[in-house]
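Spelled out, the chains give:
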Amino acid sequence: MSEIIKVIVPHTLFDGCKDNYKLFLISMKYKGFVHNTVCKKPVKRLSLNMQKTAVITGGSKGIGLALVKRFLEQGFKVVSVSRSMGELSPLQDQYGSQLVVMFADLSQKQAVLDTAQTILQQIESIDVLINNAGVFLPGAITQESDEDFELQMALNLNASYYLTKRLIPNLAKGGYVFNICSTASEKAYANGSSYCISKHALLGFTKVLRAELMNQGIAVSAVLPGPTLTDSWEGTDLPASRFIQTEAIANTILMAWENRSSMVMEQITLRPMLGDI
Ligand SMILES: NC(=O)c1ccc[n+]([C@@H]2O[C@H](COP(=O)([O-])OP(=O)(O)OC[C@H]3O[C@@H](n4cnc5c(N)ncnc54)[C@H](OP(=O)(O)O)[C@@H]3O)[C@@H](O)[C@H]2O)c1
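Overview of the structure. No experiment lies behind these values; they were computed from the predicted model shown.

Parameters and conventions
- Residues numbered from 1 in each chain as written.
- Predicted model: local features only at pLDDT ≥ 70, side-chain atom pairs only at ≥ 80, totals over all residues.
- Helix = DSSP H or I, 4+ residues; strand = E, 2+ residues; numbered from the N terminus.
- Buried ≥ 20, exposed ≤ 12 C-beta atoms within 10 Å, placed from the backbone.
- Contact = placed C-beta atoms within 7 Å.
- Near = placed C-beta within 6 Å.
- Nonpolar A, V, L, I, M, F, W, Y, C, P; charged D, E, K, R; others polar.
- Core = buried A, V, L, I, M, F, W, Y, C linked by C-beta atoms within 7 Å.
- Axes fitted to C-alpha atoms, helices over the stretch in contact; angles between N-to-C directions.
- Parallel < 35°, antiparallel > 145°, perpendicular 65-115°, else oblique.
- Left-handed = near helix turned anticlockwise from the far one by under 90°.

Our next topic: the overall build of the protein chain. Looking only at helices and strands, the protein chain has six helices and ten strands in total. Buried residues in the protein chain amount to 33% of all 277 residues. At a minimum sequence separation of 6, the contacts of the protein chain that also span at least 24 residues come to 62%.

Rendered as structure tokens:
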């Protein structure tokens, strides 16, 4: 008797099978991987995720917004998490459900945990996680308030730690975590004390994460930008030529993602052409 073979592409056409036939499913998620199975019972849910997914914190403006735009252009489904809509409205109009906007104050631990849970409920597999949300509050150790120290640690370090920890089980093999650190992760300077402390710690977290995830085939990069023209620099009288453009950072991160098959850019330091300010 000849064998009945069904090849189902795309997976959305697959609604279960009642007969005993050989089933081939071609998955885009695992490149070149072909399921070959004898199907006897109806299969309720078989999702083959053909679209890549990126989760980006602080996507409402600045560097995060440039990242959201770039990944949307590349066809990713993007989840952006911030407290406000910021400048995302035109992108939501343009991209519809390809862009998911979530609102949370990531300086609050419970809000980070709730966000992680919501993401996990909506997205089966995450390809790219970019911990970008952060804040810079100037101040010297002896003069700044404890609250400023605690806020910068909570947002710049703890939020990335708690979110990444919860999402790791759903990171795809071949997935990527980018932590947006800063040149202040390496170079300490006066009057930016808690920011420098939090960004040094974020770099430490990133290095540990890289060591712990490399055997799972998940890449981790620390991105250390120097001065970048965003709202963080509101009121500056320096010319734009003294700053990195946000799009250049987004392009660099995409380049690291695209070249991940044989190497990981573990630390990416970026400075304006004219050097530090
Ligand atoms: N600009 C620079 O010169 C520079 C240099 C080195 C590193 N960095 C780092 O790059 C990252 C982005 O900086 P940026 O200059 O693009 O800053 P930005 O323009 O001020 O944007 C910060 C983003 O983080 C979000 N955010 C702030 N507080 C948040 C909170 N409590 N909960 C959730 N989201 C919050 C903001 O959205 P909402 O306000 O809507 O919440 C916004 O989307 C930061 O980690 C920063 O330290 C920046």
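In the vicinity of the ligand there are 29 residues, among which G58, G62, R83, G134 and T230 approach most closely. Residue contributions to the shell around the ligand peak at three residues, all from helix α1 (residues 62-73). Here the residues of the shell around the ligand are counted per class, giving ten nonpolar, 15 polar and four charged.

Mapped onto the elements, Q267 comes out in strand β10 (residues 267-270). Sequence separation between Q267 and S221 is 46 residues; the distance between their C-alpha atoms is 5.7 Å.

By size, the foremost hydrophobic cluster in this structure holds 47 residues, and its most contacted members are A54, L67, V78 and I130. In terms of residues, this core owes the most to one element, α1, which gives six residues. Ignoring sequence-local partners within four residues, the contact set of I130 consists of A54, I56, T57, L67, F178 and I180.

Turning our eyes to something else, we now look at the packing of helix α4 (residues 146-167) against helix α5 (residues 193-213). For the pair α4 and α5, interaxial distance at closest approach is 8 Å and the crossing angle is 15°. As summarised for this structure, α4 and α5 are arranged roughly parallel, according to the angle between their axes. Viewed along their axes, α4 and α5 form a crossing whose handedness is right-handed. Residues D148, F149, Q152, M153, N156, L157, S160, Y161 and T164 of α4 form the contact with α5, whose participating residues are S194, Y195, S198, K199, A201, L202, F205 and L209. Here the contact of α4 with α5 is built from residues that sort into nine nonpolar, six polar and two charged.

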